[in-house]
Amino acid sequence: EEVEYTVTFKPNNATADSMIKVAEGELIPRPTLPTREGYTFIGWYKENSSTHASPQPTYCFKVSEDVELVAKFEKSRFANGHEYVDLGLPSGTLWATCNVGAATPEECGGYYAWGETEEKSVYSWETYKWCNGSNNTLTKYCTESIYGTVDKKTVLEAEDDVARVKWGEDWRMPTADEQQELVDNCIWSRGRLNGVDGYWITSKQNGKSIFLPTAGCFIGKEVQYCGLFGYFWSGTLCNDNSSAYCIRFYNDYNNREGYGRSAGFTVRPVCK
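A few points on the structure. Computed from a prediction, not measured in an experiment: that's the story for all the values here.

## Some points on the packing of aromatic side chains
- Across all of its chains, the model carries 20 aromatic pairs by this definition.
- Feature note: the residues Tyr225, Phe229, Tyr231, Trp233, Tyr250, Tyr253, Tyr259 and Phe265 constitute an aromatic cluster, connected by ring pairs.
- The lysine or arginine in question, arginine 256, covers the ring of tyrosine 245, its NZ or CZ lying 4.7 Å from the ring centre.

## Focus: helix 2 (residues 176–185)
- Among the 10 residues in helix 2, 8 count as buried, and that is most of the element.
- When helix 2 is considered as a whole, its buried residues turn out to be Ala176, Glu178, Gln179, Gln180, Glu181, Leu182, Val183 and Asn185.

## Observations regarding the pattern of salt bridges
- Tallied over the entire structure, the rule returns 11 salt bridges.
- Across the pair aspartate 177 and arginine 256 runs a salt bridge, and its minimum N-O distance is 3.7 Å. Here arginine 256 lies in strand 15 (residues 253–260) and aspartate 177 lies in helix 2, a separation of 79 residues in the sequence.
- Overall, aspartate 177 belongs to the exposed group, its relative accessible area being 59%.
- Owing to a relative accessible area of 23%, arginine 256 belongs among the partly exposed residues under this scheme.
- The salt bridge involving glutamate 178 is made with lysine 272; its shortest N-O contact spans 4.0 Å. Here the residue glutamate 178 occupies a position in helix 2, and lysine 272 occupies one in the segment after strand 16 (270–271), the gap between them amounting to 94 residues.
- Judged by relative accessible area, which is 7%, glutamate 178 ranks as buried.
- Of the residues examined, lysine 272 reaches a relative accessible area of 63% and is grouped as exposed.
- Members of the salt-bridge network, linked through shared partners, are Lys140, Lys153, Glu157 and Asp160.

The rules we used
- Residues numbered from 1 in each chain as written.
- Predicted model: local features only at pLDDT ≥ 70, side-chain atom pairs only at ≥ 80, totals over all residues.
- Heavy atoms only, no water.
- Phe/Tyr/Trp six-rings, centres within 6.5 Å; stacked < 30°, edge-to-face > 60°.
- Lys NZ or Arg CZ within 6 Å of the ring centre and 35° of its normal.
- Buried < 20%, exposed > 50% of the residue type's maximum accessible area, 1.4 Å probe, protein only.
- Helix = DSSP H or I, 4+ residues; strand = E, 2+ residues; numbered from the N terminus.
- Salt bridge = Lys/Arg side-chain N within 4 Å of Asp/Glu carboxyl O.

Such coordinate-based values are descriptive only and should not be taken to indicate function.
This is the structure in C-alpha cells:
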C-alpha cells in the first residue's frame, strides 16, 4: 500500500500556508518562492531547525515523514538603492541580487562588452571601444606589445566599470579572484525562478543564495544561448590581453575562464 506524507509550507506571514500530499520516496514539488515586502527570502527550514531543509530555496527533496517547512526571511540590505546578499564568503564580498540593468533577480539585464558602459546593437572587434578594429590593436588594458599599445593596466578603472558607472561608488564588477571564490565556496544548482532558467548559487557557509539567470551572450547582432548558458564578466584582464575573465556555466559545469573582450555579457555587481 502506498504511503503518503503531509508536507506543509509555512511562508511566515508572506502568503497563506499551503499543504500537499507526497508519496514516500517521491520528490517534493518545487514550492512558489514566497515574498515579503522589505525582506529577503533565505530558504525553507524544517520547523524549529536552524539548518536548511534543502541546498537551494526551491529545491526538491524526498520525504520519509510528515514535515513542516518554514520560510525564513531577513531584512533586505541595500547599498545605494540596490539589494545585496551576504553569502558569508571568506573575503567578505557582498553579491548583488540583480544584474546591471535588471529589476529582478531573474531578469537578464544589459549586455556589455568588457570595459564598456553602454549597450549597443553589434558586439564585435570592429565595434569594440578599446581597440582599432582587431584583437591585436588594443588601445587600453594591454600588457604586451603584440596585442597593442602597452599600458600595464589589468583591472578595469572606475570609469570603465559598468557596475560603478550605473550603480554608484558602492558597487563594482567582481575581480577574477572573487568570482573564483563564488565557484569554490558555493553549491551551484540548476533551477528556475518565476519561470526563468538559471542557477541557484548557495553558500556552503551560511546557506544563503543568489540566482543567476542563464542569460546567454551577445555576439555580433544577436543574443545567443539564452536559457542555456550563463556568462558574467569580472573586471580582471586575462594574460592574453584580448580576453578577460568571466564565469561561464551550463548543465553541471561552472568555472572561471577567459573570453574575448568584445563579446556582450551580463554583469552581477559586488560591494563590501
